[in-house]
Amino acid sequence: MSAGAAIALPAPAPRERGRGVAPIVALLAPIALINAVGFLAPVLNLARMSFYEVEPTGAMREVYTLATWAKVFSDGYYAGLIFDSITVSLGITLLTLLCSYPIALYLHRSSGTWRTILLVLVISPLLTSAVVRTYGWIAILAENGLVNNALATLGLAKLKLMFNATGVTIGLTEILMPYMILALLAGFGRLDPRVEEAAATLGAPPFTIFRRIILPLTLPGIALGCLLCFVLAVSSFITPKLLGGGRVFLLATEIYDEAIVTLNWPLAATLSILVLIIFGGALMLYSRALRAIL
Amino acid sequence: MKTSVSFAIAVVLAGLSAPAAFAQQQTVTVMGYSGLFQERYAKAVVEPFMKANPGIKVEYFPMPNSAQMLGNLRAQKAAPQADVVIMDVSVSKAATDEKLLTKIDEKNVPNVADLYPNARIPDVDGVGVTFDNLVMLYNGEAVKDAPKSWMDLAKPEFKGKVAIPGMPDIQGLSLVLIMDKARGGTDYLKSVEKGIAALGEIAPNVQTWEPKPEVYPVIISGQAVIGAGWNARAQVNADASGGKLKAVLPEEGSVFQINTISLVANGPGKDAGAKFANYALSAEAQKAFTESMFYAPTNAKAQISDAAIARTAVKSMNKVIPVDWIALAKVRDPIMEQWRRKVIPLSR
C-alpha cells in the first residue's frame, strides 16, 4: 500500500439514515459479549475483591473494607513500587524505540522477497515464549556468559549484567522489540519516499530530511509502539522475576508474590486495579498525543 | 444415585468415554503439587491405593503451588470438583477459615491416631502428611570443604555464588528464623532482629534471591555453588545429578515445612476421599513415600529403611526448631518489611 493512497483515501460515503445500524450492532455484539464476559466481568470481580477483608493467614472474608486501599496509599513502599514500575517501563520503552526504529525504517523501505525474509526474522522471536527467550538472556548475561567471557578474554572487568535492573531492562527491551517494530511499521503509512526525494532535491542534508520529514511523518507509529510497549512492560512479570534476581520490585512481580506466595488476594487485586489505572493514563496520553500529531 | 452423580462428574471432568467401567466405580480427585511430587506420589501412594481398592479410581489433579489450589477451592466452593487436597499448612489454615474443608480426625480418618503430635495442627482442618526441612545445598565439585554452618554462606569465597529463595518465600523466612534462634533470639513472634542481621551479613554474597526454575538446578549447573532449599527435593536432585548436588543440615539447625492433607467440604466422592486420606496417612503409604522422596513421615508407626531415614531430618530432631506457622502469619508483614529494608539493599 503506498503512503499517498492512505492520505488520499476518499471520505466514506454518507450512510443513509436508519439503514446500516442493525448490521453494525450485529457485528459488534460478539466482541462486546466476549469482552463483557472475558474482561469486564473479571475486572469488576477484581475491583470487588480489592475491598474484601483479609486475615494474616490469607483467609478472605466477604466483608467490605477500605483497609487494603488505605495501606497502598499510606505505605511509601507502594508509592515507590508505582514510581519504579513507571520509570523502568518508560526507560525500556525508550530503549526499545531507539533499537527498533532503524530496523522498522529499513523494513519499510525494503521490498520483495528481501522484505518478506526480514519480516519473518522480526516476527520469529514471537513464536518462542518469553520464558525461553529470557533463559536465553541468562546464558548471555550470566557471570560466565557470552558477554562477560568476551570481556574477560579482552582483559576487561566483568560486568554485573543480570539479577538487577540492568538485566530486566536488557531482557525486556529485546522481548518487546518485535511489537515495537510491527507497531512502527503499521504507523509508517504516511511516509512517502517522494516527499523525501523532494526535500533532497531542494538541497536538504540527510539529517534535516530525517528531522523535518521522516520523524514528523512517523510520529503516529512511534506513539502507537510506545503505548503498546509501555503497557506490555508494566504488566510483564516473568522476565523481571527471572532476570531481576529478587532485587527489582515492580508492580507486576509484587502482584504475583501477593497472589501466589503471601496469599493476600485483596492486595493483589488492589495493585492490579492500580495497573489498570496506569494503563488508562497511558491511553489518555496516547490519544492526546495522536490528536496533537494528526 | 450417588454412583450416578460421581459417574456424571467423572465423565464431565475427564471427558472420558468408557462409561461401562465407571458405572460401579467411585472416583476420588486428589489435588496436589505437580512435577516431581506428582510423579513420585503417584507411584508410591496413588497406584498402591488403587490396587488395594479396585472400586476406587484416583484422579490426580496437579497444581504448581498451594495458592493455586486455594484459588481452585475458592472458585469451586459452590460445586467442588476435588475431594482431597495436599497443600502447605498455612494455606490449609486459610482454607479452613474460609470453611472450604471438612475436619479430619480419628472418626473419619482412623490413621490420624498414629500421627506425631506436631502433625495435628490446632485450628486447621487438615493434618500433616509430609514434613520437609530447610537444608544447605552446595555443588560438590565447586565446593571442596563441606560447609557446616549457615554462616558459611557469608564466606568471602562465595561472593556472588549464593542462591537463596528469598522472602516472601518461606525458605527465606525460615532462614531468618533459624539464624535468629542461633544468635540468641527467644521469640520470633516478637522480634527477628538478630536473624535479619545475620541475613544482612549473607546478603552481599547473594547472586539471586529468585533462583529459577528452582534452586537445585541453579546449583547443579554451577551458576551458583551454594544456597538453601528443601530437603526432599534436594535429595532427589542429588541422586539425579549423580551426587553433584549435596545437602547438609547445618549446625544451627533447621525448621519443618508441613504439607497437610485435607478433605474438601462437599467433595463429589466423599467417603472414598476419606478412605484415600486414611491410606495416605497409613504407615505403609508414609513408608513408601519417604523411601521414594525423602519427606519425613508424619505417621509415628511408619517403619522406614535406615538408608531413607538417614536422608530425612528424623534422626536430627533436636536440630529442628519448632515453628508455629499459623501464629507466624500474623507477623509476616513486618518481617517482610525488615527484609526489604535491611537485607535486600545489602545485596545490591
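Predicted model only: the values in this text are computed from it and were never measured.

Here is what the cut-offs are and how they apply
- Residues numbered from 1 in each chain as written.
- Chains lettered and ligands numbered in written order.
- Predicted model: local features only at pLDDT ≥ 70, side-chain atom pairs only at ≥ 80, totals over all residues.
- Helix = DSSP H or I, 4+ residues; strand = E, 2+ residues; numbered from the N terminus.
- Rg over C-alpha atoms; globule rule 2.2 N^0.38 Å.
- Buried ≥ 20, exposed ≤ 12 C-beta atoms within 10 Å, placed from the backbone.
- Contact = placed C-beta atoms within 7 Å.
- Core = buried A, V, L, I, M, F, W, Y, C linked by C-beta atoms within 7 Å.
- Domains from an automatic or database assignment.
- Arc of directions from axis to C-beta.
- pLDDT = per-residue confidence, 0-100.
- Nonpolar A, V, L, I, M, F, W, Y, C, P; charged D, E, K, R; others polar.
- Axes fitted to C-alpha atoms, helices over the stretch in contact; angles between N-to-C directions.
- Parallel < 35°, antiparallel > 145°, perpendicular 65-115°, else oblique.
- Left-handed = near helix turned anticlockwise from the far one by under 90°.

Caption draft 1: Seen up close, the overall build of chain B. Looking only at helices and strands, one finds 14 helices and 11 strands in chain B. The globule rule puts the C-alpha radius of gyration for 348 residues at 20 Å, and the 21 Å found for chain B is close to it. Overall, chain B is about 70 × 40 × 35 Å in size when its C-alpha atoms are taken along their principal axes. The buried share of chain B, reckoned over its 348 residues, is 52%. In chain B, 72% of the contacts between residues at least 6 apart in sequence involve partners at least 24 apart.

Caption draft 2: Spatial organisation of the nonpolar core. Membership of the largest hydrophobic core comes to 160 residues, with the highest contact counts inside it found for Val84, Leu137, Ile219, Phe276 and Ala277 of chain B. Looking at this core, the element that brings in the most residues is helix H8 (residues 165-187) of chain A, giving 13 residues. Two domains each put at least three residues into this core: domain 1 (2-129 + 259-301) and domain 2 (132-256 + 316-347) of chain B. Discounting chain neighbours no more than four positions away, the residues touching Ala277 of chain B are Val84, Ile104, Val109, Ile261 and Leu263 of chain B.

Caption draft 3: Representation of helix H7 (residues 193-202) of chain B. All names here are of chain B. Every buried residue belonging to H7 is among Gly195, Ile196, Ala198, Leu199 and Ile202, and all of these are buried. Each buried residue of H7 lies within a common arc of 160 degrees when the element is viewed along its axis, so the set occupies one face. On its buried side, H7 packs onto strand S6 (162-163), helix H6 (170-182), strand S7 (206-208) and helix H14 (332-343).

Caption draft 4: Representation of the confidence of the model for chain B within the structure. Residues of chain B with pLDDT of at least 70 account for 93%, and the chain-wide mean is 89. Confidence drops under a pLDDT of 50 for residues 10-23 of chain B, and excluding neighbours within four residues, the segment shows 10 contacts in the predicted structure.

Caption draft 5: Expanded view of unusual backbone geometry. Each neighbour pair has its own omega, and for Met167 of chain B with Pro168 of chain B the value is 10 degrees, a cis peptide bond. Within the element layout of this structure, Pro168 of chain B appears in the loop between S6 and H6. Of note in the backbone geometry, Leu263 of chain A takes a positive phi value of approximately 65 degrees without being a glycine. Position of Leu263 of chain A among the secondary structure elements: in the loop between helix H12 (251-261) and helix H13 (265-293). On the neighbour-count criterion, Leu263 of chain A (29 C-beta atoms within 10 Å) is buried. A positive phi angle is found at Asn266 of chain B, which is not glycine, with a value near 60 degrees.

Caption draft 6: The arrangement of the environment of Leu151 of chain A in detail. Within the secondary structure, Leu151 of chain A is located in helix H7 (residues 146-153). Beyond its immediate sequence surroundings of up to four residues, Leu151 of chain A is in contact with Leu156, Lys158 and Leu159 of chain A.

Caption draft 7: Main features of the interface of chain A and chain B. Contacts between the two partners involve 21 residues from chain A and, on the opposite side, 26 residues from chain B. At 4 residues, H12 of chain A tops the list of elements feeding residues into the side of chain A that touches chain B. Its residues assigned to classes, the side of chain A that touches chain B shows 10 nonpolar, 6 polar and 5 charged.

Caption draft 8: Summary view of the domain arrangement of chain B. Segmentation of chain B into domains returns domain 1 (2-129 + 259-301) and domain 2 (132-256 + 316-347). For domain 1 of chain B versus domain 2 of chain B, the separation of C-alpha centres amounts to 30 Å.

Caption draft 9: Local environment of the confidence of the model for chain A. Confidence along chain A averages 88 in pLDDT terms, with 94% of residues attaining 70 or more. In the predicted structure, residues 1-11 of chain A sits below a pLDDT of 50 and forms 9 contacts with residues beyond four places in sequence or in another chain.

Caption draft 10: Molecular detail of the packing of helix H3 (residues 36-52) of chain B against helix H11 (residues 283-293) of chain B. Residues and elements named next belong to chain B. Look at H3 against H11: their axes get within 9 Å of each other, and the N-to-C directions meet at 165 degrees. One element, H3, and the other, H11, form an angle in the roughly antiparallel class. Seen along the crossing, H3 lies across H11 with a hand that is right-handed. Contacts between H3 and H11 involve Arg40, Tyr41, Lys43, Ala44, Val45 and Pro48 from the former and Ala285, Ala288, Phe289, Ser292 and Met293 from the latter. Of the residues contributing to the contact of H3 with H11, the split by class is 8 nonpolar, 1 polar and 2 charged.

Caption draft 11: Region of the structure containing the environment of Gly245 of chain A. As for its placement among the helices and strands, Gly245 of chain A is situated in the loop between helix H11 (238-244) and H12. Residues Gly245 of chain A and Asn164 of chain A, spaced 81 residues apart in sequence, show a C-alpha to C-alpha distance of 6.3 Å. Every residue in contact with Gly245 of chain A, bar those within four places of it in the chain, is listed here: Met162, Phe163 and Asn164 of chain A together with Gln207, Thr208, Trp209 and Glu210 of chain B.

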